[in-house]
Amino acid sequence: MRKYVPKDNVQAKSYYTDRFWVAPRVPRSTVEDTHFLAVVEAVGTQANETYVELGQLVIHINPKNNFEVMKTLKEKCGYTQCSEQSAVDYLAQDNEFELFWQLLNINEAKRIRVICRLANGLAIESIEPLYKSANFAEREMFDMFGIKVNNHPFLKRILMPDDWEGNPLLKTYPLQGDEFASWYEVDKIFGKEYRDIIGPENRDPAKIDTEDTKRFSRVGYEVPFGADISEGETKTAIEYSETFLVDYNKNSSKQLDERR
Amino acid sequence: MAQHQVNYASSAGLPIALTSVDKLVNWGRSNSLWPLTYGLACCAIEMMASGASRYDFDRMGTIFRASPRQADVMILAGTLSKKHSEFARRLYDQMTEPKWVISMGSCANTGGMFNTYATVQGVDRIIPVDIYLPGCAPRPETLQYAMMMLQKKIRKESADMKKNTKQDLTTQTGKRARLI
């Protein structure tokens, strides 16, 4: 068993912070592959930065050039599939979204990630004319982040209801929903006047009380039911039954001479 | 049904059984419970298994119907998302009286592990529930047991549906309202 560390109020604050901890990063290397070098040459000056990460070429572009870059990659470099497209919320840090497109060349068995930074409030050009899969992916991006897509054939929410308010994948959106979300089904079915009749949602707060000895017990620190452990509990050694454990060094055991 | 010693020979071959209207009606209602074919999530797999040959709901007179107009019981089997709640309620409204509801599994009962913005935290927020069936997911035997408990409940009810009170919701304000 691992050393006991007091975990007071573990839900509210982190009990361990390392000042010198650096987030691990995937190693990046320069482009050496001949196919990727040809891709970088085809994209040309529209690429701001290129490198290889985990065997995939990553191309940083300007959001204005996304359609032209994607067209080059599809028609000249053979990237005929757009397997994934979405965004990452960096609003708090930079007031920007990071948009990415994951492309696949099935003939070469190579993948490319195209990345751009889009300022909050700006729209991106749709790549639906090039990749049909972008239709749903862009709708999901619009639904989850509120990023508008220009020239999309049918830009409408795809996962959440049409009359939903808020974009759930934004980092500012609460996990258990805002007020609109918590009353959505009541408002929609019965109307707002039924709110006080049905009442608020009863949610599990997932709070862990470390001094609660009625429901929890820690292995090696067992105390009687309902005991007060606000002063700290004593460690009780775990005793194992001898008959239950197998003694592998016992002389009575027999090694088979040969396989039967 | 009342148990009587009937002498068929002396009463000209006419079998006689005495009972009350309530018992006769409830006998009919409880022994042909037709649930709606309506699955929401993984609990629906268990519900389908209950209806299939191994567990065999048919032997209890329980036959899944594809139309809410022909169904008596709504088995809410699985996670009810907020987007879908409107349609679940519409299906419930389309069912003809008398109708009963089984909330199957943790997700339908309380929202379960989906403590998120998109899941209804218990289907009893929108539909009055008769039987809460715990489990994640409940096995087919458990669903059969729930159906038997529902039969027991129906047999205690009055044949006149107006006398039967559905679930009352007591609010924090002390106001009571019937979720029709």
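Remember, it's a predicted structure, so these values are computed and weren't measured experimentally. (Residues numbered from 1 in each chain as written. Chains lettered and ligands numbered in written order. Predicted model: local features only at pLDDT ≥ 70, side-chain atom pairs only at ≥ 80, totals over all residues. Heavy atoms only, no water.)

Novice: Any details on the overall build of chain A? Residues and values, ideally.
Specialist: Across its full length, chain A holds 7 helices and 8 strands. Looking at chain A as shown, the accessible area adds up to about 17900 Å², and 50% of this sits on carbon and sulfur atoms. (Helix = DSSP H or I, 4+ residues; strand = E, 2+ residues; numbered from the N terminus. Areas by Shrake-Rupley, 256 points an atom, 1.4 Å probe, with all protein chains shown as cover.)

Novice: Requested: an account of the side chain of A:Ser86, with residues and values cited.
Specialist: Residues and elements named next belong to chain A. Here Ser 86 shows up in strand S4 (residues 81-90). Looking at Ser 86, the relative accessible area reads 14%, which means it is buried. Residue contacts for Ser 86: discarding those within four places in its chain leaves Glu 98, Leu 99, Phe 100, Met 141 and Phe 145. (Buried < 20%, exposed > 50% of the residue type's maximum accessible area, 1.4 Å probe, protein only. Contact = heavy atoms within 4.5 Å.)

Novice: Tell me about the pattern of salt bridges, and please be specific about residues and values.
Specialist: All names here are of chain A. Counted by the stated rule, this structure contains 21 salt bridges over all chains. Across the pair Asp 33 and Lys 110 runs a salt bridge, and its minimum N-O distance is 3.3 Å. With Asp 33 in the loop between strand S1 (28-29) and helix H1 (34-43) and Lys 110 in strand S6 (residues 110-119), this pair connects stretches of sequence that are 77 residues apart. When the shortest N-O distance is used, the salt bridge between Asp 163 and Lys 188 registers 2.9 Å. (Salt bridge = Lys/Arg side-chain N within 4 Å of Asp/Glu carboxyl O.)

Novice: Summarise a negative patch on the surface; cite the residues concerned and give the values.
Specialist: A surface patch of negative charge is lined by A:Asp209, A:Glu211, A:Asp228 and A:Glu231. Along the polypeptide, A:Asp209 turns up in the segment after helix H7 (195-198). (Patch = residues over 30% accessible without salt bridge, like charges linked within 9 Å, V, L, I, M, F, W, Y side chains within 5 Å. Lys, Arg positive; Asp, Glu negative; His and termini not counted. Charge placed at Lys NZ, Arg CZ, Asp CG, Glu CD.)

Novice: Please set out the domain arrangement of chain A residue by residue, giving values where relevant.
Specialist: Along its sequence, chain A is organised into domain 1 (28-150) and domain 2 (174-229). The distance between the C-alpha centroids of domain 1 of chain A and domain 2 of chain A comes to 42 Å. (Domains from an automatic or database assignment.)

Novice: Just give me the short version of the sheet that holds strand S3 (residues 131-133) of chain B, but keep the residues and values in it.
Specialist: Residues and elements named next belong to chain B. If you walk across this open sheet you meet the 3 strands as S1-S2-S3, and the pairing is parallel. Whereas interior strands pair on both sides, the edge strands pair on one side only; in this sheet they are strand S1 (73-77) and S3. Neighbouring strand axes in the sheet, compared pairwise and without regard to direction, differ in orientation by 15 degrees on average. Examined bridge by bridge, S1 and strand S2 (residues 100-104) share 5 bridges and lie parallel to one another. The residue of S2 that forms the bridge with Leu 76 is Ser 103. On the sheet, helix H2 (residues 43-51) packs against S1 and S2 and is oriented at approximately 135 degrees with respect to S1. (Pairing = 2+ DSSP bridges. Axes fitted to C-alpha atoms, helices over the stretch in contact; angles between N-to-C directions.)

Novice: Please give an account of the sheet that holds S6(A) that cites residues and values.
Specialist: Taken in spatial order, the 6 strands line up as S1-S2-S3-S6-S5-S4 (chain A) in an open sheet, and their pairing is mixed. The two strands at the open ends of the sheet, each matched to only one other strand, are S1 and S4 of chain A.

Novice: With reference to specific residues and values, describe the interface of chain B and chain A.
Specialist: Across the contact, 21 residues belong to chain B and 28 residues belong to chain A. A combined buried area of about 2100 Å² lies between chain B and chain A, and 59% of that area is made up of carbon and sulfur atoms. In this assembly, chain B and chain A are joined by 4 salt bridges. With its nearest N and O atoms 2.8 Å apart, the salt bridge here joins B:Lys82 to A:Glu201. The tally of links from chain B across to chain A stands at 12 residue pairs in polar contact (both at pLDDT 80 or more). Counting residues per element, the side of chain B that touches chain A draws most heavily on helix H3 (residues 82-94) of chain B, which supplies 5 residues. Tallied by class, the residues present in the side of chain B that touches chain A amount to 7 nonpolar, 8 polar and 6 charged. (Buried area = accessible area lost by both parts, 1.4 Å probe. Polar contact = N/O pair within 3.5 Å; in protein donor to acceptor, adjacent residues only side chain to side chain. Nonpolar A, V, L, I, M, F, W, Y, C, P; charged D, E, K, R; others polar.)

Novice: Tell me what's going on with the environment of B:Trp34, and back it up with residues and numbers.
Specialist: Residue and element names in this part refer to chain B. Relative to the helices and strands, Trp 34 is located in the loop between helix H1 (21-30) and H2. Once the C-alpha coordinates of Trp 34 and Gln 70 are considered, the two residues, 36 residues apart in sequence, prove to be 7.6 Å apart. Residue contacts for Trp 34: discarding those within four places in its chain leaves Gly 61, Ile 63, Arg 65, Gln 70, Ala 71, Asp 72 and Val 73.

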